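An overview of the molecular structure
Here is what each chain is made of, one letter per residue.
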Amino acid sequence: MTQSYRITLLPGDGIGPEIMTVAVAVLKLVGQQLDLKWEFTEALIGGAAIEATGEPLPAATLEACRNSDGVLLAAIGGYQWDNLPRHQRPETGLLGLRAGLGLFANLRPATIFPQLVDASSLKKEVVEGVDIMVVRELTGGVYFGQPKGIFTTETGQKRGVNTMVYTESEIDRIGKVALETAQKRSGKLCSVDKANVLDVSQLWRDRITQMAAKYPDIELSHLYVDNAAMQLLRAPKQFDTIVTGNLFGDILSDAAAMLTGSIGMLPSASLGEDGPGVFEPVHGSAPDIAGQDQANPLAQVLSAAMMLRYGLNQPTAADRIEQAVLQVLEQGDRTGDIMSPGMNQLGCKAMGEALIKVLSHS
Ligand code: NAD
């Protein structure tokens, strides 16, 4: 039976429209092959939305996203909007989208593609085969806890305050996403906290342990965040899925991603309770190469694969796209950012065509 999905496309700024064109072509072909029907709606966000409507997240865009099954976002931002007041900046549009859709879980894979192992700053034998998924809590913890602010004490001294807080329900819902993510992968989940020092982390550890008891197929371990950071650099292959709070996840997801050494290859997913998720590359709008057909579209294409796997529950289609990415790398196709001697350098469009060719024969 044909499955039909409404997808909102947010190409945004800079290289966004170029890489989005490639991802949409890939989705269309895989849709034909696997009997998935797409209803695409394109909407404005970021600088493009500011130019057209004066605001970075027009109400019509949020409405379109809410009414869809998945949101595929490219990137926002550019030099020309950097000096606008904060509420009018492109980044505000992104934050508004996350808040408006209640996205509390951020999934960031760090996968070393065998063909790009030399791009890592770590030794080949340390990173070869690394395949990690960091699940970060996105809307709680110390970034949002109250009280927060800079206050003046009775002695006239300034005092900066942030509060690290998690409720049981916040921990449970991110725990559920992480446990289900680990189930779709190798079944190993490592929870990262600072339970030796922080009470909030002790509650985190207790709840995650209780949650995991309901998932007998999951092998749960716990690490303190300082040790987790060391282990990520020392022996990253020991990790499969990592779950952690907002602050630790912010840092560890960037550190894990950089094990791969190639920003143009990194996708991400942000998920909410039941509405649509947002799937987007980790990189920005790369204004330095925008409009020059030089962008690497693979992070965008891999974001579409994450939408299929984690948003639409279509793992076969996701596998097909991920395999095609591996195959173009295997045949030596590279955009400028991942180029190495002896490989074929392609532009963004040609990389898209190479993917379509590989997929047509799969
Ligand atoms: P960036 O990720 O856009 O670019 C950093 C470097 O990586 C640049 O040299 C760029 O050319 C290169 N690069 C990035 N993606 C690439 C790709 N797909 N193919 C080839 N090369 C690629 O980060 P930046 O320069 O710090 O920021 C540029 C703009 O993007 C800023 O306005 C920033 O606010 C915005 N930004 C947006 C997001 C987002 O949309 N989620 C994330 C980060 C930055």
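The notes below deal with the structure included here. None of these values were measured; they are calculated from a predicted model.

What counts as what
Residues numbered from 1 in each chain as written. Predicted model: local features only at pLDDT ≥ 70, side-chain atom pairs only at ≥ 80, totals over all residues. Heavy atoms only, no water. 1 Å grid on protein atoms, 1.4 Å probe; cavity = no way out; pocket = protein on both sides within 12 Å on 5 of 7 lines; lining within 4 Å. Points joined across faces, edges and corners; volume = space filled by probe spheres on them. Helix = DSSP H or I, 4+ residues; strand = E, 2+ residues; numbered from the N terminus. Nonpolar A, V, L, I, M, F, W, Y, C, P; charged D, E, K, R; others polar. Domains from an automatic or database assignment. Pairing = 2+ DSSP bridges. Axes fitted to C-alpha atoms, helices over the stretch in contact; angles between N-to-C directions. Parallel < 35°, antiparallel > 145°, perpendicular 65-115°, else oblique. Left-handed = near helix turned anticlockwise from the far one by under 90°. Contact = heavy atoms within 4.5 Å. Buried < 20%, exposed > 50% of the residue type's maximum accessible area, 1.4 Å probe, protein only. Arc of directions from axis to C-beta. Salt bridge = Lys/Arg side-chain N within 4 Å of Asp/Glu carboxyl O. Near = heavy atom within 4 Å. Polar contact = N/O pair within 3.5 Å; in protein donor to acceptor, adjacent residues only side chain to side chain.

Before going further, it helps to spend a moment on the layout of surface pockets. Taken as a whole, the largest pocket spans an internal volume of roughly 710 Å³. In terms of lining, the largest pocket is formed by 29 residues, of which the most central are Leu94, Leu95, Arg98, Arg136 and Glu280. Secondary-structure elements contributing two or more residues to the lining of the largest pocket are strand E3 (70-75), helix H4 (90-100), strand E4 (105-111), helix H9 (246-258), strand E11 (267-271) and strand E12 (277-281). Looking at the lining of the largest pocket, the element that brings in the most residues is H4, giving five residues. Of the residues belonging to the lining of the largest pocket, the class tally is 13 nonpolar, nine polar and seven charged. Both domains that furnish three or more residues to the lining of the largest pocket are identified here as domain 1 (1-107 + 264-362) and domain 2 (131-259).

Where strand E6 (residues 149-152) lies against strand E7 (residues 158-161), four bridges are found, and the strand directions are antiparallel. Paired with Phe151 across the strands is Arg159, a residue of E7. Taking the residues that link successive antiparallel strands as the turn, the E6-E7 hairpin has five residues, and the phi of Gly156 there is positive, at about 85 degrees.

Interaxial distance between helix H10 (residues 298-311) and helix H11 (residues 315-330) falls to 7 Å at its minimum, and their mutual angle equals 160 degrees. It follows from the interaxial angle that H10 and H11 lie roughly antiparallel. Considering only the axes of H10 and H11, their crossing is left-handed. On H11, the residues touching Leu298, Val301, Leu302, Ala305, Leu308 and Arg309 of H10 are Pro315, Ala317, Ala318, Asp319, Ile321, Glu322, Val325 and Leu329. Classifying every residue of the contact of H10 with H11 by side-chain character gives eleven nonpolar, no polar and three charged.

Every buried residue belonging to helix H3 (residues 59-66) is among Thr61, Leu62 and Cys65, and all of these are buried. Projected down its long axis, H3 carries its buried residues within an arc of 95 degrees, all on one side. In H3, the exposed positions that point more than 90 degrees away from the buried face belong to Ala59 and Ala60. Its buried side turned inward, H3 meets strand E1 (3-12), E3 and H4.

As enumerated under the stated definition, the model contains 15 salt bridges in all. Ionic pairing is found between Asp240 and Arg185, a salt bridge with its closest N-O pair at 3.2 Å. Of this pair, Asp240 sits in the loop between helix H8 (225-234) and strand E10 (241-244) while Arg185 sits in the loop between helix H6 (168-184) and strand E8 (188-193), and the two are 55 residues apart along the sequence. The buried category is assigned to Asp240, whose relative accessible area is 10%. Across the pair Arg309 and Asp319 runs a salt bridge, and its minimum N-O distance is 2.8 Å. Of the two residues, Arg309 is situated in helix H10 and Asp319 in helix H11; the sequence distance between them amounts to ten residues. Overlapping salt bridges, with partners in common, bring together Asp131, Arg185 and Asp240 in one network.

Turning next to the sheet that holds E8. Read from one edge to the other, the open sheet built from ten strands follows the order E2-E1-E3-E12-E11-E4-E5-E10-E8-E9, with strand pairing classed as mixed. The sheet is open, and its two borders are formed by strand E2 (36-42) and strand E9 (219-224), each paired with just one other strand. For this sheet, the mean inter-axis angle between neighbouring strands, taken without regard to orientation, is 25 degrees. Strand direction decides the pairing type here: strand E5 (residues 131-137) and E10, joined by four bridges, are parallel. Its bridge partner being in E10, Met133 is matched across the sheet by Thr241. The strands that H9 touches are E4, E5, E8 and E10; relative to E5, the one it contacts most, it runs at about 155 degrees.

In this section: the site of the ligand. Close to the ligand lie 19 residues, the nearest being Glu91, Gly284, Ala286, Asp288 and Asn296. A distance of 3.1 Å is found between an oxygen atom of the ligand and a backbone nitrogen or oxygen belonging to Ser285. Here Asp288 contributes a side-chain N or O atom positioned 2.8 Å from an oxygen atom of the ligand. When its residues are assigned to classes, the shell around the ligand shows nine nonpolar, six polar and four charged.

Without other data, these values stay purely geometric and don't point to any function.
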